[in-house]
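# Residue-level structure breakdown
Here's the letter readout for the chains.
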Number of protein chains: 4
Amino acid sequence: MTTGEHRAGPAPDVVRAAYAQLTVTDLAGARWFWADLLGLHVQYEDGDTLCLRGTDELTHHSVVLRRGDVAALDHIAYRVRTPEDVDRAERFFAGRGCPTLRVPAREGTPGVGDAVRVVDPLGFPVEFFHDIERAERLIQRFDLRHGAEVSRLDHFNICTPDVPAAYAHYASLGFRCSETIEGDAHELYAAWMYRKPTVHDVAFTSGAGPRLHHLGLATHESHHVLRAADVLGALHQEHRIERGPGRHGVSNAFYLYLRDPDGHRVEIYTSDYYTGDPDHETYRWNVRDDRRRDFWGNAVVASWYKEASPVCGLDGTVQPVSDGALEESSARVGADGLG
Amino acid sequence: MTTGEHRAGPAPDVVRAAYAQLTVTDLAGARWFWADLLGLHVQYEDGDTLCLRGTDELTHHSVVLRRGDVAALDHIAYRVRTPEDVDRAERFFAGRGCPTLRVPAREGTPGVGDAVRVVDPLGFPVEFFHDIERAERLIQRFDLRHGAEVSRLDHFNICTPDVPAAYAHYASLGFRCSETIEGDAHELYAAWMYRKPTVHDVAFTSGAGPRLHHLGLATHESHHVLRAADVLGALHQEHRIERGPGRHGVSNAFYLYLRDPDGHRVEIYTSDYYTGDPDHETYRWNVRDDRRRDFWGNAVVASWYKEASPVCGLDGTVQPVSDGALEESSARVGADGLG
Amino acid sequence: MTTGEHRAGPAPDVVRAAYAQLTVTDLAGARWFWADLLGLHVQYEDGDTLCLRGTDELTHHSVVLRRGDVAALDHIAYRVRTPEDVDRAERFFAGRGCPTLRVPAREGTPGVGDAVRVVDPLGFPVEFFHDIERAERLIQRFDLRHGAEVSRLDHFNICTPDVPAAYAHYASLGFRCSETIEGDAHELYAAWMYRKPTVHDVAFTSGAGPRLHHLGLATHESHHVLRAADVLGALHQEHRIERGPGRHGVSNAFYLYLRDPDGHRVEIYTSDYYTGDPDHETYRWNVRDDRRRDFWGNAVVASWYKEASPVCGLDGTVQPVSDGALEESSARVGADGLG
Amino acid sequence: MTTGEHRAGPAPDVVRAAYAQLTVTDLAGARWFWADLLGLHVQYEDGDTLCLRGTDELTHHSVVLRRGDVAALDHIAYRVRTPEDVDRAERFFAGRGCPTLRVPAREGTPGVGDAVRVVDPLGFPVEFFHDIERAERLIQRFDLRHGAEVSRLDHFNICTPDVPAAYAHYASLGFRCSETIEGDAHELYAAWMYRKPTVHDVAFTSGAGPRLHHLGLATHESHHVLRAADVLGALHQEHRIERGPGRHGVSNAFYLYLRDPDGHRVEIYTSDYYTGDPDHETYRWNVRDDRRRDFWGNAVVASWYKEASPVCGLDGTVQPVSDGALEESSARVGADGLG
């Protein structure tokens, strides 16, 4: 780190997980899933692109869907505190030998200003930006709410073969850790890390990577989560419900995991807790506690551990994947895990 | 009663409060209120008529809106157990000297079979029918739900100057009494009476009558009630919220009172209790218990006690109104009442 | 039937599923589960017996727990409309060659008046009674509510090897059918039958029998159901959560299945629909529709199909069990079934 | 500000509204209200003091009740980021000519480390501290939850005669402004300001001051808010419900205002929105928009505008009050205001 900082300068001041851009092979199907079912508001639309946001979000988008030949993660994006932090991000990653690409305003994602995109040390395509268009305030437009009434993007969950390396990298970016899943010798199976004072902006699931496990979208109350499942049953699309509804042990949030028409996974998530105190302590779950993944002890389905979305490089090509050394799913206790 | 039965024959076997037909002066405005905001499903529509039903209702309609010059109640309707009960209803009211009118299928309200309409001893236009068209089952069409997601018609609430007379009349029709509001000498201010095993199919509020105080529409959970209020605020139509949300003392239901564009009052109502046991006892509230109308002691607004919809006679003309002898609203205790 | 009626007289007029009496081997553990966790109110207690009721119940009890050497169903009980219906029940079952036992007031279950107990043609111990002590009205004692805040007993679910026979028997008792699960040739896998106008008072699951599959207890809203699961997780008793929370296809209710310390199964259940119209039609699910048991397509665990509580005879001894001819669980489609 | 900074040094880095200490004349009555009814957890208790916290709070307390002769606010307290920020706070207020008092650990409020107390330029007693004892994690102890299940302290609301001066003072402390109520000439009637990224840590209501208007306590869902009102009705304590439940225009939160046995006002509050982006804009309500105080247009009762708790000085004596220049309540539009 010290060497790294000396070489690469200080880390950018990351505000929060800001948006994810996904490539989808069926844009119309994706529009039904993300806008009609989940209730995201369509802020921008052209023949190849949809920019979506939650009811409480005041910036241009938090989910971007682009038509493509392969379903993949194009990039995740973090908002930084100042325009200078975009430059800091470029130096920070370049100094670590990571590929970086400067993306001027109007050449990148609609609504986003000057940005830098990097392939981080974990192999993920990540954008850092400060400037983004504001959007009309819809917080009290209850007349426009529908579907799951998603309020905002909450977090990214990524698969990586080396969780300790992911932890160290995000720590070097100033992220703090709210919760972990650990073995008896404290070997790290999973970690939840944050900049905004919620349980997380990003979490790591041990497994083949780099892959995107899911996007976490927040709703205000648990009945909104149930609503998404009910609508899918009504449309005989219940096969898009992969896991839940349930209560997480980690984060204590009430959750539901869905798969979009391309197989991208989304979590509808409500009610975690405040983590903003300077001495907030990491809460550590043992990998053999049945309740870590589902507080009610319900089994986690195999697909949830095994499947995830591939990620693109800076040139938009899908990146190769390496297998994980440590598989949480092999640590079966009772319902959880898949051993 | 015995004499009455001897003269008029037995009472019809009433199943439940079935539907109300209202005249409205602005059918488009009424469609927005009843279908878009309340979430009733449009089962039938022509230039002058809308037939609406809740998500759980399996018969053709529970609310009918007809274009007219004056906003009024055209009639309330009870479903009876057999076709023969329609004949019994005709004899029952004719025997009491009430005007009756036989309405053959296809000459009355769309979807309703052979019926009889009467002006009851309280001056209200009431229809009794058995046959009604079935409608597609929408109970699990969560994809169609919107607005307040009204599930079914629950009850009628009517204003009458003589509550004891109303009580005696409905008792002679086989209705039982779940709750009352009474003075210290047990003088009757209001009563809730039922055939289906809920708190009521009909309730009486002491006041000038005959007038329709409100239609009670049921939802499954309290967040559906809050939703209706939120949407009205969003549309800057908060003036249509007359009273609530609140918890009733009587019935224990969670409620919200709205006024439609013609001023017809509707209650969105959730969660009362089972009353079907043969020895179910009447629960009696003292008129000076603050909690009877709002269990949280919030004040009842004057308009709620004073305003109501006029009712039509069998010829569709608006009927004159007589003042009430006993005004609950003059019995002020703390928040409640208006004295 | 006609012959049956001629021989046995008319069926008793059953009002509703009234209570179930279970034997438990650990009364203190059962008290924690049924009173503390589920929130049932303790109406009567002695060293060997607990009488419990829901927040909305106005009679003495709906669940009775008695200390015993073997965990079993002692009997289920239906309330009938008049004292004469108790005599009708005795003749009805005696006429069918069923064992019957008259139980005078104060010799049977606390609070229950003159009753008759029978072993019905399906082999189940069933009591019919009219008189039962009233209990203090707790409907608005929100200060006493805790745990899952169970409001009332809703239904019994029983395992029987011959569902068509169970259907015919309960039809002869005047029960009507709200929903079924059927094969392609309409062979009957399961049926939901009612007297009170809800989806059911009793349901049959095809399997070895006579056994009690579960007691269904109602709550007012879905958050009460989630609460029970959360409390079990908090106490690291998540293994008592067998299935759910979920939405049923059949009944559309939101559900959670728990197992008490003796393994007796209870369903916490909310929000079904009105079935009281005289022409209410049976809704038929195909056994291969994934959504019939869980509207969201979540798998049914094996124990839910395989395990159930034994039942006692009139002498209190546990009865032998016969295997089922038709196993729904062998009709696997996607998530559901276990084939 | 520059001058001020030159003289007084930089502002302390405030993390969040941390706790309020109230004097109460009936500690047993206060314990019932704050612990039993609101569901706060008793972390520390002696004959004169109660330290309470919400289900999600990981520090020693967020509400402190001390026995006293007069019901008043002893002090509000903000947590600062580092121990050095306590020194900064002392210099910051001393430099403004405010009385300051250093309170060493173990000499002040139980559980709180080295702190400084000041009388701020608005006349309020305010403590700044960094060190506070950690408390056992109860986030997932659903078995201990009861009453309104308050999760955490959200904000302070204070009455001051000069809202612009309050705005300027808190801006100098680094607070940002989420929402305001303004006249046609943008004269400031009320403002909501924050450090943690919610709608507020502190809000100002124009009126006689310095007085404490209320403490805002957060719950996770709206049914928890309704629960508090239902329990008060059940106990015939409905007179402790002053206003609501309702939806705020400002903040969009669902609210209920209660008065404790000494008349201290508490708001139970759920579901506001994220404000942490660096360019988050202030949302401005016109004082004549009916929906600003209640989004549903329900009237604000007079007591809510007129009554508040007195505040103490550093010596614990109750401070005099000055009248406000600008009374929002005189700006009546429709339901809102009291003109």
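Moving on, we get to the overall build of chain A. Helix and strand content of chain A: six helices and 18 strands. At 19 Å, chain A has a C-alpha radius of gyration in line with the 20 Å of a compact globule built from 339 residues. Considered along the principal axes of its C-alpha atoms, chain A spans approximately 50 × 50 × 40 Å. Per-residue burial over chain A gives 65% buried out of 339 residues. Across chain A, every contact between residues at least 6 apart in sequence was considered, and the portion connecting residues at least 24 apart equals 69%. Summing over all exposed atoms, chain A offers an accessible surface of approximately 10,700 Å²; the carbon and sulfur share of this is 49%.

Our focus in this paragraph is the state of the cysteines. Going through the model one piece at a time under the given rule, you end up with zero disulfides over all chains. Here Cys98(A) is not cross-linked by a disulfide; its sulfur's nearest cysteine counterpart is in Cys312(A), at 17 Å. Unpaired in this structure, Cys312(D) has its nearest cysteine sulfur neighbour in Cys159(D), at a distance of 16 Å.

Every other side chain in a regular strand lies on the same face of the sheet, so the side chains alternate between the two faces. All names here are of chain D. Within strand β12 (residues 202–206), five of the five residues are buried, which leaves the element mostly enclosed by the surrounding structure. Neither face of β12 is open: one carries Val202, Phe204 and Ser206, the other Ala203 and Thr205, and all of them are buried. With five bridges joining them, strand β9 (residues 152–160) and β12 adopt parallel strand pairing. Each bridged residue has a counterpart across the sheet, and for cysteine 159 the counterpart in β12 is threonine 205. Note: strand β11 (residues 188–194) against β12, four bridges, orientation antiparallel. Looking at the pairing, alanine 191 lines up with phenylalanine 204 of β12.

Before going further, it helps to spend a moment on the interface of chain A and chain D. Each side of the interface is counted separately: chain A has 38 residues, and chain D has 38 residues. Each partner contributes to the roughly 3,200 Å² buried at the junction of chain A and chain D, and carbon and sulfur atoms together form 49% of this total. Area buried by chain A at its contact with chain D is led by Arg134(A), Arg137(A) and Gln140(A), which between them contribute 18% of it. In this structure, the connection of chain A to chain D is made through 12 salt bridges. In this structure, Arg134(D) and Asp279(A) form a salt bridge, with 3.6 Å as the shortest nitrogen-oxygen distance.

In this section: the interface of chain C and chain B. With 38 residues of chain C at the contact, the number on the chain B side is 38 residues. Overall, the association of chain C and chain B removes approximately 3,200 Å² of surface from exposure, summing both partners, and the carbon and sulfur fraction of that is 49%. Looking only at chain C, the three residues that lose the most surface to chain B are Arg134(C), Arg137(C) and Gln140(C), adding up to 18% of its buried area. Along the contact surface separating chain C from chain B lie 12 salt bridges. Counting across the interface, chain C meets chain B through 24 residue pairs in polar contact (both at pLDDT 80 or more). Among the elements of the structure, β1 (14–24), β5 (72–80) and β17 (283–286) of chain C are those that each provide at least two residues to the side of chain C that touches chain B. Grouping the constituent residues of the side of chain C that touches chain B by class yields 12 nonpolar, 11 polar and 15 charged.

The next point concerns the environment of Ala191(B). All names here are of chain B. Considering the arrangement of structural elements, one finds alanine 191 in strand β11 (residues 188–194). Sequence-wise, alanine 191 and isoleucine 181 are 10 residues apart; in three dimensions their C-alpha atoms are separated by 6.5 Å. The residues contacting alanine 191, other than those within four sequence positions of it, are Val163, Tyr167, Cys177, Glu179, Thr180, Val202, Ala203 and Phe204.

What follows covers the domain arrangement of chain A. Residue and element names in this part refer to chain A. Assigned domains of chain A: these are domain 1 (11–129) and domain 2 (148–336). A C-alpha centroid distance of 19 Å is found between domain 1 and domain 2. Roughly 3,900 Å² is buried in total at the junction of domain 1 and domain 2, and carbon and sulfur atoms are behind 72% of that figure. Considering only the surface of domain 1 that becomes buried against domain 2, Leu38, Leu122 and Phe124 emerge as the three largest contributors, covering 16% of it. Remark: the boundary between domain 1 and domain 2 carries one salt bridge. Ionic pairing is found between arginine 195 and aspartate 13, a salt bridge with its closest N-O pair at 2.7 Å. Linking domain 1 to domain 2 there are 18 residue pairs in polar contact (both at pLDDT 80 or more). Contributing elements (two or more residues each) for the side of domain 1 that touches domain 2: β1 (14–24), α2 (27–37), β5 (72–80), α3 (83–94), β6 (100–103), β7 (115–119) and β8 (125–129). By residue number, the principal contributor to the side of domain 1 that touches domain 2 is β1, which donates 10 residues. Taken together, the residues of the side of domain 1 that touches domain 2 sort by class into 36 nonpolar, nine polar and nine charged.

Another aspect to go through is the pattern of salt bridges. Going through the model one piece at a time under the given rule, you end up with 116 salt bridges over all chains. Among the salt bridges present, the one from Glu281(A) reaches Arg134(D), with a minimum N-O distance of 3.3 Å. With Glu281(A) in the loop between β16 (265–270) and β17 (283–286) and Arg134(D) in the loop between β8 (125–129) and β9, this pair bridges two chains. Overall, the relative accessible area of 42% leaves Arg134(D) in the partly exposed class.

Below, the discussion takes up the sheet that holds strand β7 (residues 115–119) of chain B. Residues and elements named next belong to chain B. Ordered in space as β2-β3-β4-β1-β5-β8-β7-β6, the eight strands form an open sheet in which the pairing is mixed. On the outer flanks of this sheet lie β2 (41–45) and β6 (100–103), each paired with one strand and no other. Averaged over all pairs of adjacent strands, the angle between strand axes in this sheet comes to 25°, irrespective of strand direction. Pairing of strand β3 (residues 49–53) with strand β4 (residues 63–67), which is carried by four bridges, proceeds in the antiparallel orientation. Bridge pairing in β4 places threonine 49 opposite arginine 66.

With that out of the way, let us pick up the relation of the copies chain A and chain D. Once chain A has been moved 0.0 Å along the axis and rotated by 180°, it coincides with chain D to within an RMSD of 0.0 Å. The superposition operator between the copies reduces to a two-fold rotation axis. In terms of C-alpha distance to the rotation axis, chain A has Glu221(A) as its closest residue, with the C-alpha 3.0 Å off the axis. A symmetric contact is evident, with 100% of the interface residues of chain A recurring at the interface of chain D.

It is worth spelling out the environment of Thr25(C) at this point. Residue and element names in this part refer to chain C. Along the chain, threonine 25 turns up in the loop between β1 and α2 (27–37). Threonine 25 sits in the partly exposed class, given a relative accessible area of 40%. Taking the C-alpha atoms as reference points, threonine 25 and aspartate 262, 237 residues apart in sequence, are found 6.8 Å from one another. Those residues in contact with threonine 25, other than ones at most four positions away along the chain, are Gly68, Asp69, Val70, Ala71 and Asp262.

Residue and element names in this part refer to chain A. Taking 1.5 Å per residue, 13 residues should reach 18 Å; helix α5 (residues 222–234) reaches 19 Å between its end C-alpha atoms and fits that length. Among the 13 residues of α5, 13 are classified as buried, and the element is accordingly described as predominantly covered. Downstream of α5 by a residue or two, histidine 236 has a phi angle that is positive, lying close to 55°.

One rule of thumb: low pLDDT means the predicted coordinates there are not for detailed reading. All names here are of chain A. Of all residues in chain A, 93% attain a pLDDT of 70 or more, and the chain-wide mean is 94. Confidence drops under a pLDDT of 50 for residues 332–339, and excluding neighbours within four residues, the segment shows 29 contacts in the predicted structure. Interface scoring of the predicted complex returns ipTM 0.94; its pTM is 0.96.

Residue and element names in this part refer to chain D. Take arginine 259: it is sitting in strand β15 (residues 254–259). Polar side-chain contacts of arginine 259 include one of 2.7 Å to the backbone oxygen of glycine 263. Polar side-chain contacts of arginine 259 include one of 2.9 Å to the side chain of glutamate 307.

Glancing now at the relation of the copies chain C and chain B. Least-squares fitting of chain C to chain B yields an RMSD of 0.0 Å, with the superposition described by an axial translation of 0.0 Å and a rotation of 180°. The overlap is high: 100% of the interface residues of chain C also sit at the interface in chain B, so the same surface is used on both sides.

Reading the values: rules and limits
- Residues numbered from 1 in each chain as written.
- Chains lettered and ligands numbered in written order.
- Predicted model: local features only at pLDDT ≥ 70, side-chain atom pairs only at ≥ 80, totals over all residues.
- Heavy atoms only, no water.
- Helix = DSSP H or I, 4+ residues; strand = E, 2+ residues; numbered from the N terminus.
- Rg over C-alpha atoms; globule rule 2.2 N^0.38 Å.
- Buried < 20%, exposed > 50% of the residue type's maximum accessible area, 1.4 Å probe, protein only.
- Contact = heavy atoms within 4.5 Å.
- Areas by Shrake-Rupley, 256 points an atom, 1.4 Å probe, with all protein chains shown as cover.
- Disulfide = S-S within 2.5 Å.
- Pairing = 2+ DSSP bridges.
- Buried area = accessible area lost by both parts, 1.4 Å probe.
- Salt bridge = Lys/Arg side-chain N within 4 Å of Asp/Glu carboxyl O.
- Polar contact = N/O pair within 3.5 Å; in protein donor to acceptor, adjacent residues only side chain to side chain.
- Nonpolar A, V, L, I, M, F, W, Y, C, P; charged D, E, K, R; others polar.
- Domains from an automatic or database assignment.
- Axes fitted to C-alpha atoms, helices over the stretch in contact; angles between N-to-C directions.
- Least-squares fit on C-alpha atoms with pLDDT ≥ 70 in both.
- Expected span 1.5 Å × (residues − 1).
- pLDDT = per-residue confidence, 0-100.

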